[in-house]
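# Reading the structure
Listed below, chain by chain, are the residues.
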Amino acid sequence: MSEPFSVPVTVRGYETDVQGHLNQSVYLNYAEHARWSLLRAAGVSQSELIGSGVGPVALETTIRYKRELLAGDEVEVTCAFAWGEGKTFRIEQTVRKTDGTVAAEITAVGGLLDLEARKLVPDPRECFRKLASDPGLFGL
């Protein structure tokens, strides 16, 4: 697995629920923001993905909530790709407060969809390696 890439996020008041803590669905937005930020940092844009005939797909996502987040909390959202053999890969993410407290752990299973065949590409690592100007951010 690669060293985690991270992005800072400040919890906004409108993202909280009636109990005053971060709404569960917003964790997915934070995770997605970190993933797309990693792609951009690695030199892969959405238009380049589409132009090469592939698009990322989420196959499974698990969130483990550890500590609540409140409006104004500042967090880092990490993102690290873990590669196996085959058509899928894992993305391990942590939402961590600035004091080091882990608020959530997110694990996603993803793949790259061949947009014409509508099937997963056989080797997503190779696709990312070819598209990225900095494949090291993907652990490649």
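Residues numbered from 1 in each chain as written. Predicted model: local features only at pLDDT ≥ 70, side-chain atom pairs only at ≥ 80, totals over all residues. Heavy atoms only, no water.

Our next topic: unusual backbone geometry. The backbone of R118 sits at a positive phi, close to 60 degrees, despite the residue not being glycine. With respect to the helices, strands and loops of the structure, R118 is situated in the loop between β5 (102–114) and β6 (119–120). Look at R118 and you get exposed, because its relative accessible area is 55%. (Helix = DSSP H or I, 4+ residues; strand = E, 2+ residues; numbered from the N terminus. Buried < 20%, exposed > 50% of the residue type's maximum accessible area, 1.4 Å probe, protein only.)

Tracing the chain through its elements places A132 in the segment after α3 (124–131). Note on A132: relative accessible area 11%, which makes it buried.

By size, the foremost hydrophobic cluster in this structure holds 33 residues, and its most contacted members are L69, V77, F81, V95 and F138. Of the residues forming this core, the biggest block, 7 residues, is contributed by helix α1 (residues 24–41). Those residues in contact with L69 that lie beyond four places of it in its chain are V11, G20, H21, L22, Y27, V75, V95, K97 and A103. (Core = buried A, V, L, I, M, F, W, Y, C linked by side-chain atoms within 4.5 Å. Contact = heavy atoms within 4.5 Å.)

Let us look at the side chain of T94. Tracing the backbone through its elements, the reader meets T94 in strand β4 (residues 88–97). The exposure class assigned to T94 is buried, which follows from its relative accessible area of 17%. Among residues more than four places away in sequence, those in contact with T94 are E76, V77, T78, V102 and A104.

Attention now moves to the side chain of E15. Structurally, the position occupied by E15 is in the loop between β1 (5–10) and α1. Those residues within four positions of E15 in sequence are excluded, and the remaining contacts are T10, H21, L22, N23, V26 and Y30.

Burial of strand β3 (residues 74–83) is extensive: 7 of the 10 residues sit out of reach of the surface. In terms of strand pairing, β1 meets β3 through 6 bridges, oriented antiparallel. From the neighbouring strand, S6 faces β3, where its bridge partner is T78. Between β3 and β4, which pair antiparallel one after the other, the connecting turn spans 4 residues, and G86 there sits at a positive phi close to 110 degrees. (Pairing = 2+ DSSP bridges.)

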